[in-house]
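A structural walkthrough
Given next are the chains, with one letter for each unit.
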Protein chains: 2
Amino acid sequence: MKKLINKPEDVVIEELKGIEYAHSDLVKVHYDPNFIMRADAPVKGKVAVISGGGSGHEPMHGGFVGMGMLDAACPGAVFTSPTPDQMLEATKAVNGGAGVLHIVKNYTGDIMNFEMAADLARAEGIEVEAVVTNDDVAVQDSLYTAGRRGVGVTVLTEKICGAAAEAGRSLKDVADLCRKVNGAGRTMGMALTSCTVPHAGKPTFDLPEDEMEIGIGIHGEPGRTRMKLKTADEITEMLMEPIIGDLPYKAGDNVLLFVNSMGGTPLVELYIIYRKAVEIATKHGLKVVRNLIGPYITSLEMAGCSITMLKMDDDLTKLWDAPVKTPGLRWGV
Amino acid sequence: MKKLINKPEDVVIEELKGIEYAHSDLVKVHYDPNFIMRADAPVKGKVAVISGGGSGHEPMHGGFVGMGMLDAACPGAVFTSPTPDQMLEATKAVNGGAGVLHIVKNYTGDIMNFEMAADLARAEGIEVEAVVTNDDVAVQDSLYTAGRRGVGVTVLTEKICGAAAEAGRSLKDVADLCRKVNGAGRTMGMALTSCTVPHAGKPTFDLPEDEMEIGIGIHGEPGRTRMKLKTADEITEMLMEPIIGDLPYKAGDNVLLFVNSMGGTPLVELYIIYRKAVEIATKHGLKVVRNLIGPYITSLEMAGCSITMLKMDDDLTKLWDAPVKTPGLRWGV
């Protein structure tokens, strides 16, 4: 295992320390239980937006804490759900009196622990709504999931709901918006290589030198199919067509196109994929009006990519464009 | 070779097409000769700042074109210098009448081709200054370099000189500033794995499963030493101590600390490195006043990192904080 780490059991705590040193202008780091919160939280009268999940997907979620996006993020151990007490304490810490939205990726452990935290927070008088993201079209049910997995669209819900909360919308409105974004978004990913969880010390799965896996999950869960490596254009088609056909996206739709690195893929390859994805979208009559390209929801050092498409309207576009100031996404300020 | 590409010979042109599709609000892409320029170039009366070099280091340089940073970037083939006609045409295209600064990394091919372009541009009446970056403390002379290699500080010169040009400073002032930043910056890198140039089809070098290379170059040029893999903290010390001792940085200095991924290193590992680097800097009495953490000057999918330190003063801090709006770096707008 080749990693820039010390002891596997110290990975998350040392990462948090690095984030604390680097971004104290934007965030505060709370230890035991571990969570990252906005430096100025709680923001009085604003709906608070929280997410969390296993570590190893950075910058999601901790890198998205700050003005215009998340109020807090709870990192579990690598690829392991955060505990209910993390979510509960974060919820209490950032509650500004207008309620708290939990954005939860559809993994059984995350859902169970977020639900428990929401119940405990409600028992303390905090209004909590939870929305589950499940945008991965690749497979139905998976290693850690009943139904579809929550992947790339989660990043988009965090940006858009964060902007809505910042604009003063109510908890019900922000939660409805989150369901709307999840409902209008679809994702599919692929891997060229596996990744290695520090504690495990060896690759999560084996992928022969000339093969790839289409429909991979962000923890290396099995996808749809393994096959010999294809060209970037063929791979892009294998991701785009199931996405477009699933919603389905229709001629005339405006879309946001998000090409994401799984962690080990150079930017040059993402732009090659993006290029073909735009051409395929255009062929279907879709208009790409916004984009996001880079490593935003990763799987440690896995080589590969995912494509997420989100059907946009004027409200979503306005919220997407709204200022955001986090370690991982920043514009307008 | 596992890459998300089509034909190796189409990598750069297809990447440029992706950039054109993605960022037409910020940049224009010129083909044959290839360069990326600000969408609003030439900016009348402003010094233009240009850089370039082999592709495969993205987002450097093309991702740094835009308001507050570069006016143009010339991408060569992967790990191959751009040609003089690229630099010449870019220089002519972005010249706003106040002269053009060429920021050149210290590689023999880059220097030769940039010099030729500068001479040709001067013959057409354009005032050109060139500054060479050579911040890599690892080795003296290298595979493609006489003297020290130009690496991480290049990103910092582009941000700082871009801000100075935006503020209306003269060509002489912006060039002097570039020399000052290069003189106050030092870098050292390391690799856990090699990278594979698409045309070559196999790794640039072999590194056994339990070894790393300290002092690696961004094209995989040999470093100082190979050894068994160490912990993140030990590796950080092996990079930081030669950097601090070289300038030398002294107790009381304010510094910018830039922890860079070589391309295949997850963000979680960069924060672990950053954490230790801050602690080492603090032990030496240095104060880290600004930072940059992520993949900014990469070597395709190479796993590893580099650390760059820059001694800051009030002017440099003000220029660092100035608004920038490029595909790869953005704040304040």
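Some details on the sheet that holds strand β7 (residues 185–191) of chain B
Residue and element names in this part refer to chain B. With mixed pairing, the six strands of this open sheet are ordered in space as β9-β8-β7-β12-β10-β11. Each of the sheet's edge strands pairs with one partner strand only, and the pair in question is β9 (225–228) and β11 (287–294). Averaged over all pairs of adjacent strands, the angle between strand axes in this sheet comes to 20°, irrespective of strand direction. Where strand β10 (residues 254–261) lies against β11, seven bridges are found, and the strand directions are parallel. Considered in β11, the bridge of Leu 256 is made with Arg 290. Its contacts with the sheet put helix α6 (residues 232–246) on β7, β8 (211–214), β9, β10 and β12 (304–311), and the angle it makes with β7 is roughly 155°.

Considering unusual backbone geometry
In this structure, Pro33(B) follows Asp32(B) across a cis peptide bond, with omega equal to 5°. If you trace the backbone, Pro33(B) turns up in the loop between β1 (27–30) and β2 (35–38). Even without a glycine there, the phi angle at Asp32(A) is positive, about 50°. For Asp32(A), the position within the fold is in the loop between β1 (27–30) and β2 (35–38). Unusually for a residue other than glycine, Asp141(B) sits at a positive phi of about 60°. The topology assignment puts Asp141(B) in the loop between β6 (128–133) and α4 (153–166).

A few points about the domain arrangement of chain A
Residue and element names in this part refer to chain A. Domain annotation for chain A reports domain 1 (10–184) and domain 2 (185–313). In this structure, domain 1 and domain 2 have C-alpha centres spaced 23 Å apart. Taken residue by residue, the interface counts 33 residues in domain 1 and 35 residues in domain 2. Of the roughly 2,600 Å² buried between domain 1 and domain 2, counting both surfaces, carbon and sulfur atoms make up 65%. Three residues, Phe 79, Val 137 and Ala 184, lead the burial of domain 1 against domain 2; their summed loss comes to 23% of the area buried on that side. Between Lys 180 and Asp 313 there is a salt bridge, and its shortest N-O distance comes to 2.6 Å.

Topic: empty space enclosed by the protein
All names here are of chain B. Taken as a whole, this structure holds four cavities of 30 Å³ or more when the rule is applied. By volume, the largest cavity is sized at about 160 Å³. Surrounding the largest cavity, 19 residues form its lining, Glu 15, Ile 36, Glu 58, His 61 and Gly 62 being those nearest its centre. Looking at the lining of the largest cavity residue by residue, the classes come out as 10 nonpolar, seven polar and two charged.

Quick word on the relation of the copies chain B and chain A
The two copies are related by a screw motion: chain B maps onto chain A through a turn of 180° and a shift of 0.0 Å along the axis, at an RMSD of 0.0 Å. Taken together, the rotation angle and the small translation identify this as a two-fold axis. Residue Gly264(B), judged by its C-alpha, is the member of chain B lying nearest the rotation axis, at 2.1 Å. A shared interface surface links the copies, since 100% of the contact residues of chain B are contact residues in chain A too.

Reading the values: rules and limits
Residues numbered from 1 in each chain as written. Chains lettered and ligands numbered in written order. Predicted model: local features only at pLDDT ≥ 70, side-chain atom pairs only at ≥ 80, totals over all residues. Heavy atoms only, no water. Pairing = 2+ DSSP bridges. Helix = DSSP H or I, 4+ residues; strand = E, 2+ residues; numbered from the N terminus. Axes fitted to C-alpha atoms, helices over the stretch in contact; angles between N-to-C directions. Contact = heavy atoms within 4.5 Å. Domains from an automatic or database assignment. Buried area = accessible area lost by both parts, 1.4 Å probe. Salt bridge = Lys/Arg side-chain N within 4 Å of Asp/Glu carboxyl O. 1 Å grid on protein atoms, 1.4 Å probe; cavity = no way out; pocket = protein on both sides within 12 Å on 5 of 7 lines; lining within 4 Å. Points joined across faces, edges and corners; volume = space filled by probe spheres on them. Nonpolar A, V, L, I, M, F, W, Y, C, P; charged D, E, K, R; others polar. Least-squares fit on C-alpha atoms with pLDDT ≥ 70 in both.

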